[in-house]
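Single-letter residue listing:
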Amino acid sequence: MNQTSVEQDHLTPLRERLAKHPEVAIDAERRQLILRSRHGLFSARSIDEGTELLLRELQALTQATRVLDLGCGYGAIGLTLAARWPDAHVDLIDTDIRAVEATRENITRNRLDNAAVNLSDGIRDLPNTIASYDLVVSNLPAQAGNDAIDQLLLDAYDALNDRGSLAVVAVNGLRRYLQRRLADIFGKQQVRKVHQGPRHTVLEAAKLRT
């Protein structure tokens, strides 16, 4: 056996382990979803506490017709809503090609014909998104920085129709900042704290015609 063959044999177990993507099971009420993630994506091996909290709060909402998941990761929020609401259409977007590839695979393997995913920096690369969604959802990235979060919130505002609403979850350290910024964008009276847990807060903002 030559040296190259020895090196390949030595690396085979590592290559095989990394080729197996993590999988996450989600109870979507009507059915169970099995979502395949990617190494290095946020909360790749289990649903994080913030996402669980947001999904619980979204159960109380009336089914929306058009939904947008901003920063979808491997699709935990948006695909759960697509499974819960089979008559709705759910668009998911992310800037990470690995997240988009994982979500696209999860749409196919879970047979979610009412969902679609796109690689997009915010909503700028999506056609016909302005004022077309009833609901925008997002698990806001705590480490992204205020400017990136502001852009996500503005994208959500622009994507919503005149009676649409935004539902976000974030770590409690961002709560006061988000309440101020959402008030700036949507109006103070249109923002409410839906739930505050030990580590995460769910906020909602409604876009009403002025």
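So, how was this worked out
Residues numbered from 1 in each chain as written. Predicted model: local features only at pLDDT ≥ 70, side-chain atom pairs only at ≥ 80, totals over all residues. Heavy atoms only, no water. Pairing = 2+ DSSP bridges. Helix = DSSP H or I, 4+ residues; strand = E, 2+ residues; numbered from the N terminus. Axes fitted to C-alpha atoms, helices over the stretch in contact; angles between N-to-C directions. Parallel < 35°, antiparallel > 145°, perpendicular 65-115°, else oblique. Left-handed = near helix turned anticlockwise from the far one by under 90°. Contact = heavy atoms within 4.5 Å. Nonpolar A, V, L, I, M, F, W, Y, C, P; charged D, E, K, R; others polar. Buried < 20%, exposed > 50% of the residue type's maximum accessible area, 1.4 Å probe, protein only. Right-handed = clockwise from strand over helix to strand, strands pointing away. Salt bridge = Lys/Arg side-chain N within 4 Å of Asp/Glu carboxyl O. Polar contact = N/O pair within 3.5 Å; in protein donor to acceptor, adjacent residues only side chain to side chain.

S.K.: Would you mind going over the sheet that holds strand β5 (residues 115–119) in detail, with residue names and values included?
M.R.: Read from one edge to the other, the open sheet built from seven strands follows the order β5-β4-β3-β6-β7-β9-β8, with strand pairing classed as mixed. Unpaired on one side and paired on the other, β5 and β8 (191–196) mark the two borders of the sheet. The sheet shows a mean angle of 20° between the axes of neighbouring strands, taken without regard to direction. In terms of strand pairing, strand β3 (residues 66–70) meets strand β6 (residues 133–139) through three bridges, oriented parallel.

S.K.: Describe unusual backbone geometry, naming the residues involved and giving the relevant values.
M.R.: Unusually for a residue other than glycine, R111 sits at a positive phi of about 55°. Along the chain, the position of R111 falls in the loop between α4 (97–109) and β5.

S.K.: Just give me the short version of the packing of helix α5 (residues 146–159) against helix α6 (residues 175–186), but keep the residues and values in it.
M.R.: Closest axis-to-axis distance for the α5/α6 pair is 11 Å, and the angle between their directions is 40°. Comparing the axis directions of α5 and α6 gives the class oblique. Remark: the crossing between α5 and α6 carries right-handed chirality. When α5 is examined against α6, the residues N146, I149, D150, L153, L154 and Y157 are found in contact with a partner set consisting of Y177, L178, R181, L182, I185 and F186. In terms of residue class, the contact of α5 with α6 is made up of nine nonpolar, one polar and two charged.

S.K.: I'd love a proper account of the pairing of strand β7 (residues 160–171), names of residues and values included.
M.R.: Within a regular beta strand, the side chains point alternately toward one face of the sheet and then the other, so they alternate between its two faces. Within β7, nine of the twelve residues are buried, which leaves it mostly tucked inside the rest of the structure. As paired strands, β6 and β7 are joined by six bridges and run parallel to one another. The residue bridging V137 from the neighbouring strand is A167, located in β7. As a crossover connection, the stretch from β6 through α5 into β7 is right-handed. By the bridge criterion, seven bridges tie β7 to strand β9 (residues 200–206) in an arrangement that is antiparallel. Bridge pairing links V168 to L203 in β9.

S.K.: Pulling in residues and values, what's your account of the pattern of salt bridges?
M.R.: Should the charged atoms of two oppositely charged side chains come close, the side chains can pair. Here the structure, examined in full by the defined rule, presents twelve salt bridges. Here E23 makes a salt bridge to R36, at a shortest N to O gap of 2.8 Å. With E23 in strand β1 (residues 23–27) and R36 in strand β2 (residues 32–36), the pair connects residues that are 13 residues apart, well separated along the chain. Given the relative accessible area of 41%, E23 is considered partly exposed. With a closest N to O distance of 3.3 Å, R109 and E23 form a salt bridge. Placement of the pair is R109 in helix α4 and E23 in strand β1, with a sequence separation of 86 residues.

S.K.: Quick one: what's the story with the environment of T201, residue by residue and with numbers?
M.R.: The residue T201 is located in strand β9 in this model. On a C-alpha basis, the gap between T201 and G173 in space is 9.2 Å, while along the polypeptide they are 28 residues apart. Setting aside its immediate chain neighbours within four residues, T201 contacts L53, V168, V169, A170, N172, R175, K193, H195 and Q196. Engagement of the side chain of T201 in a polar contact is seen with the side chain of N172, the distance being 2.5 Å.

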